[in-house]
Amino acid sequence: SLASIPGRWPRVGAVAGAVLAATAASSAASFGLHEYREPRYEFQLDMLSAAQWSRDNTPPGAVIGSFNAGIVGYFSGRQTVNLDGVVDGDALGAIRDRRLLAYADARCVTHLADFPFYLFWYQRYWGGDSVYVRITPVAAFSEATSRQPEAIAVDFTIWRYAAAAPCGKTAE
């Protein structure tokens, strides 16, 4: 009868909740197993290696600029400046105004850490000198990227960055 239906709702809700939880757990396990067997983001292991290298091989006051700053920033223990404008509105303004070099200088960047194609991709936004005259490679990481398709297999690289003037001073 219709009168007995409200008394069943707690049991129906409990069963539905259990089925939903089991489905979610099964989906998560399946995704995890697939990622373990065929990782889509394996190149992030090279970012982690770069972060650990930075922690161990740069001075505590080093400032690392990166377009992919998350892993490097979290695991390096160094101040990190995100250059792509997603997190930092000032970086977005620097990109829009084509003055990324001046922005990196103002933020006292001492190193860049990223895949080389980002430097090329953002080249028209650096402004002034080419970024390439200001950088010297100091480390490269290719353990994971070496297993990627050749078209995208590039080393995650750390460069020493030479500002136009000492931090806090203006280039003349």
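Residues numbered from 1 in each chain as written. Predicted model: local features only at pLDDT ≥ 70, side-chain atom pairs only at ≥ 80, totals over all residues. Heavy atoms only, no water.

**Considerations on the overall build of the protein**
Stage number 1. The helix and strand tally for the protein stands at seven helices and five strands.
Stage number 2. Along the protein, helices and strands appear, N-terminal first, in the series α-α-β-α-β-α-α-β-α-α-β-β.
Stage number 3. When the 172 residues of the protein are sorted by exposure, 33% land in the buried category.
Stage number 4. Across the protein, the fraction of contacts at a sequence separation of at least 24, relative to all contacts at a separation of at least 6, is 58%.
Stage number 5. Only carbon and sulfur atoms are counted for the fraction: they give 59% of the accessible area of the protein, which is about 10,500 Å². (Helix = DSSP H or I, 4+ residues; strand = E, 2+ residues; numbered from the N terminus. Buried < 20%, exposed > 50% of the residue type's maximum accessible area, 1.4 Å probe, protein only. Contact = heavy atoms within 4.5 Å. Areas by Shrake-Rupley, 256 points an atom, 1.4 Å probe, with all protein chains shown as cover.)

**Quick notes on helix α2 (residues 44-57)**
Stage number 1. The end-to-end C-alpha distance of α2 is 20 Å, a good match for the 20 Å that 14 residues give at a rise of 1.5 Å each.
Stage number 2. Within α2, the full set of buried residues consists of Asp46, Met47, Ala50, Ala51 and Ser54. Each buried residue of α2 sits inside an arc of 145 degrees when the element is viewed along its axis, so together they form one side.
Stage number 3. Along its buried surface, α2 packs onto β1 (63-66), α3 (69-76), β4 (135-141) and β5 (156-161). (Expected span 1.5 Å × (residues − 1). Arc of directions from axis to C-beta.)

**A closer look at the sheet that holds β1**
Stage number 1. An order of β2-β1-β3-β5-β4 is seen for the five strands of this open sheet, with the pairing classed as mixed. The two strands at the open ends of the sheet, each matched to only one other strand, are β2 (79-82) and β4. On average, each strand axis in the sheet is inclined to that of its neighbour by 25 degrees, with strand direction left out of account.
Stage number 2. Pairing analysis gives two bridges linking β1 to strand β3 (residues 111-114), with the strands arranged parallel. From the neighbouring strand, Gly65 faces β3, where its bridge partner is Leu112.
Stage number 3. Against the sheet, α3 makes contact with β1, β2 and β5, and its axis sits at roughly 170 degrees relative to β2, the strand it touches most. (Pairing = 2+ DSSP bridges. Axes fitted to C-alpha atoms, helices over the stretch in contact; angles between N-to-C directions.)

**Side note on the state of the cysteines**
Stage number 1. Evaluated as defined, the whole model comprises one disulfide.
Stage number 2. Residue Cys108 pairs covalently with Cys167 via a disulfide, S to S 1.4 Å. Of this pair, Cys108 sits in the loop between α5 (100-106) and β3 while Cys167 sits in the segment after β5, and the two are 59 residues apart along the sequence.
Stage number 3. Using a relative accessible area of 24% as the deciding quantity, one classes Cys108 as partly exposed. (Disulfide = S-S within 2.5 Å.)

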